[in-house]
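This is what each chain is made of:
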Amino acid sequence: MTTVSLDENTDLRVIGKSLPKVDSVGKLIGLTAYADDIELPNTLYCKLLRSHHPHARILSIDSSAALAIEGVVAVITGEDLPIKYGIMPTSQDEHALEYEKVRFVGDPVAAVAAVDEETALAACRAILVEYEPLEAIESIEHGLLPPSDEPIHDYAGPGNIHRMGALEFGEVDEGFANSSFIREDVFFYEGNTHLPMEQHSATATFVGDQLTLWSSTQNPHYVHRALARVFEMPMGHIRVIAAPHGGGFGGKSDPFSHEMAVCKLAMITGRPVKCTLTREEVFYVHRGRHPVLMWVRTGVAKDGKILAMHFKTALDGGAYGSYGPASMLYTGALQTTTYNIPAYRFEGVRVFTNKAPCGPKRGHGTPQPRFALELHLDKIAEAIGLNPVELRRRNYVKPYTRTINHLRITSCGIEEVTDRVVEASGFLDRKKRLGHGMGFAVSAYMCGAGLPIYWNRLPHSECIIQVNRGGVTLYCGATDIGQGSDTVLATVAAEQLGLWPTDVRIVSGDTGLAPVDLGSYSSRVTFMAGNAALQAAKEMREIIVKAVAEKMECSPSEVMVGDGKIGELSFEEAVVLAEERFGMLSTRGSYSPPANIGGKFKAAGVGPSPAYSYSAAVVDLDADPYSGEIRLNKVWIAHDIGRSINALAVKGQVEGGVYMGLSEAMMEGQLYRHGLHKQPSMLDYKAFTFMEMPEVETFLVETIDLEGPYGAKEAGQGPLLPVIPAVVSAVHDALGVWVDEVPITSDKIMRAMDAKVKGREGRYGPKIFPNISYPTIVKVPPFDASSSAF
Amino acid sequence: MLRLPRFSYLRPGSVAEAAQVLSEYGSRARVVAGGTDLLPKMKRGQMEPEVVIGLGHINELRGIRATEDGGFEIGACVTLSEVVASPELRAAYPGYVHAAALVSTPALRNSGTIGGNLCVDTRCNYYDESYEWRKALGFCMKKDGNICRVAPASATCRAIASSDTAPAAISMGATVVLVGPNGQREVPVESLYQDDGQFYMTKAPDEILTSLRMPSPGHWKSSYVKVRNRGSIDFPLVGVAAAIQMKGSLVEACRIVITAVGPQPLDVSQAAGALVGKEIDDTLLEEVATEAAKPARPLDNADLSYVWRKRMTRRAIEQAIREAAEVG
Amino acid sequence: MGNIGSREILRLSVNGRQHELLVKPYATLLEVLREDLRLTGTKHGCEAGECGACVVLVDGTPQLSCLVLPGQIEGSEVTTIEGVSNGSELHPVQQAFMDHGALQCGYCTPGMVLSSKALLDSNPSPTRDEINEALSGNLCRCTGYVSIIEAVEDAGRAMA
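Residues numbered from 1 in each chain as written. Chains lettered and ligands numbered in written order. Predicted model: local features only at pLDDT ≥ 70, side-chain atom pairs only at ≥ 80, totals over all residues. Heavy atoms only, no water.

All right, on to the overall build of chain C then. Per the secondary structure count, chain C includes 5 helices and 5 strands. Listing every helix and strand of chain C by position from the N terminus yields β-β-α-β-β-β-α-α-α-α. With the principal axes as the frame, chain C shows a C-alpha extent of 50 × 30 × 25 Å. Per-residue burial over chain C gives 69% buried out of 160 residues. In chain C, 52% of the contacts between residues at least 6 apart in sequence involve partners at least 24 apart. (Helix = DSSP H or I, 4+ residues; strand = E, 2+ residues; numbered from the N terminus. Buried < 20%, exposed > 50% of the residue type's maximum accessible area, 1.4 Å probe, protein only. Contact = heavy atoms within 4.5 Å.)

Printed below as a string of structure tokens:
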């Protein structure tokens, strides 16, 4: 790993160092208690009965035989939990247990609490459910047609259309008219799932009138709100604790049926109730990457400058809303954050289908269009005779500018990350030979969504630091899902207080103990919770320094802080002094994104972020022209991190993003057959092992964002994005065929090669984009520049 | 957590005792060696024995023994890892040992046995699913149902032969010892299997496979090529074992056995006749491989498309012959 | 033979301590470790031998505890993640994982550490290919494996 910093003089002591994460030891010795490791006295075990039909009306549910089984304590069905919920205010379309109809194989209809899992499972099988099957919708194209019996949901529409959007910025028709070259392409991105190593698990207790839920969730705050809604209880009587987390990647971001069920069963039985999903159930809970069909048309001038772009998407949403309205808009929102597109039109639609619900996975809604956009640009570059790096450079956005869709770009290392990977890989000097190829791509990602999921004017992140004789404790609702958010918060506070990160206790992910943070999604924690922690830590430092300065009879600016000392005193002595002087020492910080980072038009809520990270990748591979088998040789990745809070943790996030990008580019797919998930196991759902993973060379570029904590930006999602198109582009470089579909499996490459050999177009992928009745396009007026510095 | 259904676990101390217990319980019992095939299938409700008879406690099923004819007898409960670690076996049967080394993962090979791998259940992605999944789709003839889901017109189950070691053992002319209520018999490995994914073994249900007898390798050089999606964990999408005898640069004899392209491993050595007395060259190899791959009938019940798997059969045959010829 | 599924006495040595337990004959080693002995450091990811999260050492060799019947390994010594460190001093493999950031969510870590330890106990200076092969049954979704390989190489040097 190499770090290139644009910050020349820094005297930071712990920020940016490669230090072990603060929660490492417990995980290494097997002591960390993940959700399923929590075992309360007198616990009952819950299993869910799930639908065997992709789409059916429920005629009756008879639980009497289940209740008669010895060891069964309670059985609930949907009528016990009639209030609908959903992560987004506009998609409150889920019952904890469905009782009117089921919408996919795996949709929960009943829950049992029993003395052990074996008994609970037997009870589930004894519940009799009478169904009336309905036509099952299995594809985007099918979902666009009027349903033959009834739509999957009775809201939204027409038919099975969940959401649509159509926006235009700038003069698109004029841009195309002025273009010297125009190209259209169609792409398909198969959906895939998060496959966290840990299956979801939740335990609830109901004591007095206090409901407590321990869960493997990324977003305890949103679960907290959903529980309050479903149980009609004040939030003050509910506590949600995010247990140490065995991997999320977006898959544990919604409120879930099993969480609702254990709460209800705990209320009924008065005993702790636990539900741990099986691996197969995790595939049904899903909320993963949407399958997206995409059409893109771009016009460029002679010099390769983009003059106009029209992007159309159609998303397979699965059976429920989840984050879908946002996912749909994200397929059109961030194209402009890497390239200066003066005229841009976007049309998108999300349809309901009878499959496990899709939602956010690492990169939420943007890996699919990024894949399409980067390959589309490669094809344009090839057609107009420019190298793909040069074409992109001519269109790169500049720092501190506005995009045509009103997004505020601040620090931007897109040129630097390009330089790093292109130089290190020798991409431009590569030798052409059949079977060997290199691919290049760039991307950008948000450092936290500019708006919360539900409308409010409250801070996005809140933090308390408390210091006393007993040490330093930092309280924040942020959730460490393995990405290292606790380490980030501890490091930010330690830097200010002259301590080491392990000197700072972190209380996080607990709605009962810590102030609100919206959760671990949209790469928001470092930027937002980090800023809240920084504010609290700075104030704490000022208070302690003031006490010491008074004692030393000097000005506060003369008090040196660091290495466990405040001025001449040890940190502990200084704290006692300050506590004597000011009483109980507690400071707070909060963070809200600036108001002017996006537009004011309808749908402008998706895309704005206080900053964007930038990534570039080069992939080097061998591809067999006969079999289509790929062997990855090496990946060069450069990431504009703003500044590393912990370089080791950033490296881990970058390498993990590269891994996940490669794995989903080459083999991961959430496939269905006859209305059923085709491979709900870790054997059949393919994900990279050690054997497939190539060498990765990582470059971190520190652009020092003016608003990020110490200049930091995100690392959790951005580095995945360029990897996927770079793989597909490298296959094209190796074999001269285009596979316009992900995952790019050997058999698809083989079919593209066959077509080429037979003299047809050497391509595999969707041929047509369906004719969709998008709504009337909303022409958005240009950004009002008087409202912002840029 | 996915759990095992209820059963009783018996620990016979000898093969005779195991055979007796097995015949007593009949179809209500299953023997288990490493458990790496049986236990996941029991968790998914694909197999529901009331009694599981552990063979791991029987000393006579362990050990690798040199035989008088210059071959080896390998006990059924020898683990795949022990085979991989044996320099004698590696020198004599590089194809077989390589096949064992490519089974699943290192941890699985530490439990999984050579007998278990020869008997490994046929696989199909309509069948290797949980009870609830199969109930949702509709059961198939291999378990609880009456039709073949991948080939509804087929009178027999088309689940896929998935043992990596079986084709390698067949290519060396190996035999197995089966012990049943009426004593023991020795049969060629090849005749252990039949063209039916449901009743894929000719072994009687109350017979126990006790050892694999590998004849002297003589001048046979061997190889095994496994095609799969990932370099670990996965079962074969195509498996090819080749054995070859060379005289100088000329082929004297060649055997080819392919697997994972139908319900049983197929000996397609006949197609290799064209190689005999000739030098191996690309054109000849392509002809032989094309001919040898003809009986391969991959269907849409495994990973990746069957068209690709069919084509990879040819490729793997070419590669296996080449590698066998190159073995030191 | 007793009733189908009735409990049996199991003698099992775990992390150097001999246990005598009354267990269900149909409980896997994974369930006995986690639920009877409350050694929850051993994780479950797939429940079917496909991910490596539940790896423990049986007489020093990695095995998938979700596919082992305890009755099959009676008399063997089982090492779980709780038995790897020397008191509060981390084992060199654990220390190297920590120093190299070779864990993120940490859920695959117990199995990964045990598989790595078994490799290094028999081969202190493995090549990258040997590391890849030895750990190829342990899936990780966070790290991309890169830092794990670095950690194993480093631990090997520390153990040599």
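Moving on from the model shown.
Here the focus is the domain arrangement of chain C. Residues and elements named next belong to chain C. Taken domain by domain, chain C comprises domain 1 (8–83) and domain 2 (92–159). On a C-alpha basis, the centroid separation for the pair domain 1 and domain 2 is 21 Å. With 15 residues of domain 1 at the interface, the matching set in domain 2 holds 12 residues. Of the roughly 1100 Å² buried between domain 1 and domain 2, counting both surfaces, carbon and sulfur atoms make up 66%. Scanning the region where domain 1 abuts domain 2 turns up 0 salt bridges. Across the domain 1-domain 2 interface, the total number found is 4 residue pairs in polar contact (both at pLDDT 80 or more). Of the residues forming the side of domain 1 that touches domain 2, the biggest block, 3 residues, is contributed by strand β3 (residues 55–58). The residue inventory of the side of domain 1 that touches domain 2, partitioned by class, reads 7 nonpolar, 6 polar and 2 charged. (Domains from an automatic or database assignment. Buried area = accessible area lost by both parts, 1.4 Å probe. Salt bridge = Lys/Arg side-chain N within 4 Å of Asp/Glu carboxyl O. Polar contact = N/O pair within 3.5 Å; in protein donor to acceptor, adjacent residues only side chain to side chain. Nonpolar A, V, L, I, M, F, W, Y, C, P; charged D, E, K, R; others polar.)

Let's shift gears to the environment of S257(A). Residues and elements named next belong to chain A. Relative to the helices and strands, S257 resides in helix α7 (residues 257–269). When the C-alpha atoms of S257 and V109 are compared, they prove to be 9.6 Å apart, with 148 residues separating the residues in sequence. Contact partners of S257, with chain neighbours within four places excluded, come to L48, Y85, H95, A96 and P108.

What follows concerns the interface of chain A and chain C. Facing 51 residues of chain A, the contacting portion of chain C comprises 51 residues. Regarding the contact of chain A and chain C, the summed buried area is about 4000 Å², with carbon and sulfur atoms giving 58% of it. The largest share of the area that chain A buries against chain C comes from L28(A), M197(A) and F690(A), three residues that together contribute 24% of it. Where chain A packs against chain C, one counts 5 salt bridges. At the junction of chain A and chain C, the tally comes to 28 residue pairs in polar contact (both at pLDDT 80 or more). Residue assignment for the side of chain A that touches chain C shows that the elements contributing at least two residues are α1 (24–28) and α16 (647–666) of chain A.

Okay, the domain arrangement of chain B next. How big an interface is tends to be expressed through the accessible area that disappears when the partners come together. All names here are of chain B. The domain boundaries assigned to chain B delineate domain 1 (8–56), domain 2 (59–119 + 160–214) and domain 3 (221–326). Distance from the C-alpha centre of domain 1 to the C-alpha centre of domain 2: 18 Å. At the boundary of domain 1 with domain 2, total buried surface from both sides reaches about 1200 Å², with 72% on carbon and sulfur atoms. On the domain 1 side of the contact with domain 2, V15, T36 and L55 bury the most area, a combined 41% of that side's loss.

The tally for this structure, following the rule as stated, stands at 11 cavities of 30 Å³ or more. The space that makes up the largest cavity amounts to roughly 160 Å³. Around the largest cavity, the lining is made up of 15 residues, and of these E280(A), P680(A), S681(A), L2(B) and R44(B) lie nearest the centre. Taken together, the residues of the lining of the largest cavity sort by class into 5 nonpolar, 3 polar and 7 charged. (1 Å grid on protein atoms, 1.4 Å probe; cavity = no way out; pocket = protein on both sides within 12 Å on 5 of 7 lines; lining within 4 Å. Points joined across faces, edges and corners; volume = space filled by probe spheres on them.)

Looking now at the sheet that holds strand β25 (residues 569–570) of chain A. Residues and elements named next belong to chain A. Taken in spatial order, the 3 strands line up as β23-β24-β25 in an open sheet, and their pairing is antiparallel. This sheet does not close on itself; its edge strands, each paired only once, are β23 (561–562) and β25. In terms of strand pairing, β23 meets strand β24 (residues 565–566) through 2 bridges, oriented antiparallel. Looking across to β24, one finds that V561 is bridged to I566. (Pairing = 2+ DSSP bridges.)

The next point concerns the packing of helix α18 (residues 746–757) of chain A against helix α11 (residues 306–326) of chain B. The contact between α18(A) and α11(B) brings their axes to 9 Å, and the two run at 80°. Taken together, the axes of α18(A) and α11(B) are roughly perpendicular relative to one another. Every residue of α11(B) that contacts α18(A) at S746(A), D747(A), M750(A) and D754(A) is listed here: V307(B), W308(B) and R311(B). Taken together, the residues that form the contact of α18(A) with α11(B) break down as 3 nonpolar, 1 polar and 3 charged. (Axes fitted to C-alpha atoms, helices over the stretch in contact; angles between N-to-C directions. Parallel < 35°, antiparallel > 145°, perpendicular 65-115°, else oblique.)

What follows concerns a positive patch on the surface. The grouping of R751(A), K758(A), R760(A) and K767(A) at the surface amounts to a positive patch. Here R751(A) lies in helix α18. (Patch = residues over 30% accessible without salt bridge, like charges linked within 9 Å, V, L, I, M, F, W, Y side chains within 5 Å. Areas by Shrake-Rupley, 256 points an atom, 1.4 Å probe, with all protein chains shown as cover. Lys, Arg positive; Asp, Glu negative; His and termini not counted. Charge placed at Lys NZ, Arg CZ, Asp CG, Glu CD.)

Here we take up the interface of chain B and chain C. Listed by partner, the interface residues are 33 residues for chain B and 35 residues for chain C. With both chains or domains summed, chain B and chain C bury close to 2900 Å², and 57% of this area falls on carbon and sulfur atoms. It is M1(B), R6(B) and Y9(B) in chain B that bury the most area against chain C; as a group they hold 20% of the surface buried on that side. Between chain B and chain C we count 6 salt bridges in total. Its salt-bridge partner being E50(C), residue R44(B) comes within 3.8 Å of it at the nearest N-O pair. Across the contact surface, chain B and chain C share 13 residue pairs in polar contact (both at pLDDT 80 or more). Residue assignment for the side of chain B that touches chain C shows that the elements contributing at least two residues are β1 (8–10), α2 (38–43) and α6 (106–111) of chain B. A per-class count over the side of chain B that touches chain C returns 17 nonpolar, 9 polar and 7 charged.

This next bit is on the packing of aromatic side chains. Within this structure, the stated rule accounts for 18 aromatic pairs over all chains. With centroids separated by 5.7 Å and ring planes inclined at 80°, the aromatic side chains of Y189(A) and F371(A) adopt a geometry described as edge-to-face. Of this pair, Y189(A) sits in strand β9 (residues 181–189) while F371(A) sits in helix α10 (residues 367–384), and the two are 182 residues apart along the sequence. F371(A) carries the same exposure label as Y189(A), and that label is buried. On the basis of an interplanar angle of 40° and a centroid distance of 5.6 Å, the ring pair of Y131(B) and F139(B) is categorised as tilted. An aromatic cluster is present here, built from Y659(A), F688(A), F690(A) and Y145(C) joined pairwise through their rings. The ring of F176(A) has R297(A) lying over it, and the distance from NZ or CZ to the ring centre is 4.4 Å. (Phe/Tyr/Trp six-rings, centres within 6.5 Å; stacked < 30°, edge-to-face > 60°. Lys NZ or Arg CZ within 6 Å of the ring centre and 35° of its normal.)

All names here are of chain C. The residue S13 is located in strand β1 (residues 8–14) in this model. Side-chain polar atoms of S13 contact the side chain of E77, separated by 2.3 Å. Residue contacts for S13: discarding those within four places in its chain leaves Q18, S76, E77 and V78.

What follows is about the pairing of strand β10 (residues 201–207) of chain A. Every regular strand shows the same layout, with side chains that alternate between the two sheet faces. All names here are of chain A. For β10, a buried count of 5 out of 7 residues is recorded, marking the element as mostly surrounded by other parts of the structure. Here β10 pairs with strand β13 (residues 273–276) via 4 bridges, running antiparallel. When the bridges of β13 are listed, A204 appears paired with V273. Pairing of β10 with strand β11 (residues 210–215), which is carried by 6 bridges, proceeds in the antiparallel orientation. Looking across to β11, one finds that F206 is bridged to L211.

Residues and elements named next belong to chain A. By the bridge criterion, 2 bridges tie strand β3 (residues 56–62) to strand β5 (residues 101–102) in an arrangement that is antiparallel. When the sheet's bridge partners are listed, A56 is paired in β5 with V102. Note: β3 against strand β7 (residues 128–133), 6 bridges, orientation antiparallel. For D62, the partnering residue across the bridge sits in β7 and is L128.

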